[in-house]
Structure formats: structure tokens, C-alpha cells
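Chain residues, written in single-letter form:
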Amino acid sequence: MGLLSGMMGNASKLDPRAAASEFGRLLAQGEQIHAAYQLVRDSFLFTDRRLILVDKQGMTGKKVEYHSVPYKAITQFSVETAGHFDLDAELKIWVSSSDVPISKQFGKGVDVYEVQALLAAFVAR
């Protein structure tokens, strides 16, 4: 991921095996990461059981919030593809306990259709 892209808040794809190595302590027994994305310091992980949002806080990033969203709590989601002038795709996820969606932007290196397919498969269970 380029520095400018990261500073703009655009996510880039991570290797699921590398994400599993880094965040393995968060996973339940048998839980697998299917896809992972990273902003500058923050990450979000799509496992076979839930969505995990990793928010590194403060100047050093030592304080970390891990927000786990079970797929059954997702009430709706939308994916907006990139256009000619707006080069970023956007994902919005609404959780049953909030009126404000979780919103993430993807750079051009991320297949937003893959993200949509993952969510569709997991949320529709």
C-alpha cells in the first residue's frame, strides 16, 4: 500500500496467512481468516465467523481496540464501486445496534466484488 493511499484512508489487501499469524490470538479454535485489509495502522479481518475491526490508537499504536462483529448482527451492507473521477470503492456495513454504518474505503488494488461476495456469503447464512 502506498503511503499517500494509506493517509487517504484507503484499504489495501493483506495475505490471509500473514493476518492469521499476526492476529491469531484473536481467533477461536478452528476459526479461519478468509480475507484481510489494512489501512495505515488499522486492519479489518473477514473470518468464517465474524468481522474483526482492529483500531490501533494513540501516537505509538500500543493501545489497540479489537471490535468483533458477528455476521448475524449485520443488518445490511452496501458496496460502491470506483468511478472515473472517484477512484475509491466504498463499503458500508450497518450493525443492528447502530444507525451509523461502519464505512471503509478501498483503493484500486482491492476487488470490491470479492468483498461483497464474502459478505453476501457470510451474512446470508
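Residues numbered from 1 in each chain as written. Predicted model: local features only at pLDDT ≥ 70, side-chain atom pairs only at ≥ 80, totals over all residues. Heavy atoms only, no water.

Turning our eyes to something else, we now look at the packing of aromatic side chains. Inspection of the entire model under this criterion finds 4 aromatic pairs. Three or more aromatic residues link up through ring pairs in this structure, and these residues are Tyr-37, Phe-44 and Phe-46. (Phe/Tyr/Trp six-rings, centres within 6.5 Å; stacked < 30°, edge-to-face > 60°.)

Quick look at the pairing of strand β7 (residues 89-95) now. Here β7 lies mainly inside the structure; 6 of its 7 residues are buried. Bridge analysis of strand β6 (residues 74-80) against β7 gives 6 bridges, and the strand direction is antiparallel. Its bridge partner being in β7, Phe-77 is matched across the sheet by Ile-93. Counting the residues between successive antiparallel strands, the hairpin from β7 to strand β8 (residues 102-106) contains 6 residues. (Buried < 20%, exposed > 50% of the residue type's maximum accessible area, 1.4 Å probe, protein only. Helix = DSSP H or I, 4+ residues; strand = E, 2+ residues; numbered from the N terminus. Pairing = 2+ DSSP bridges.)

Overall, the coordinates contain 3 salt bridges when judged by the stated rule. Among the ionic pairs, Arg-17 bridges to Asp-15, the shortest N-O distance being 3.6 Å. The class for Asp-15 is partly exposed, based on a relative accessible area of 36%. With its nearest N and O atoms 2.8 Å apart, the salt bridge here joins Arg-50 to Glu-31. Remark: Glu-31 occurs in the loop between α2 (16-23) and β2 (33-38) and Arg-50 occurs in strand β4 (residues 50-57); sequence separation between them is 19 residues. (Salt bridge = Lys/Arg side-chain N within 4 Å of Asp/Glu carboxyl O.)

The sheet contact formed by strand β3 (residues 43-47) and β4 spans 4 bridges and is antiparallel. Residue pairing for β4: Phe-44 is matched across the bridge by Leu-53. In this sheet, strand β5 (residues 63-70) lies alongside β4 in antiparallel orientation, the contact comprising 8 bridges. Note on β5: the bridge partner recorded for Asp-55 is Glu-65. Between β4 and β5, which pair antiparallel one after the other, the connecting turn spans 5 residues, and Gly-58 there sits at a positive phi close to 80°.

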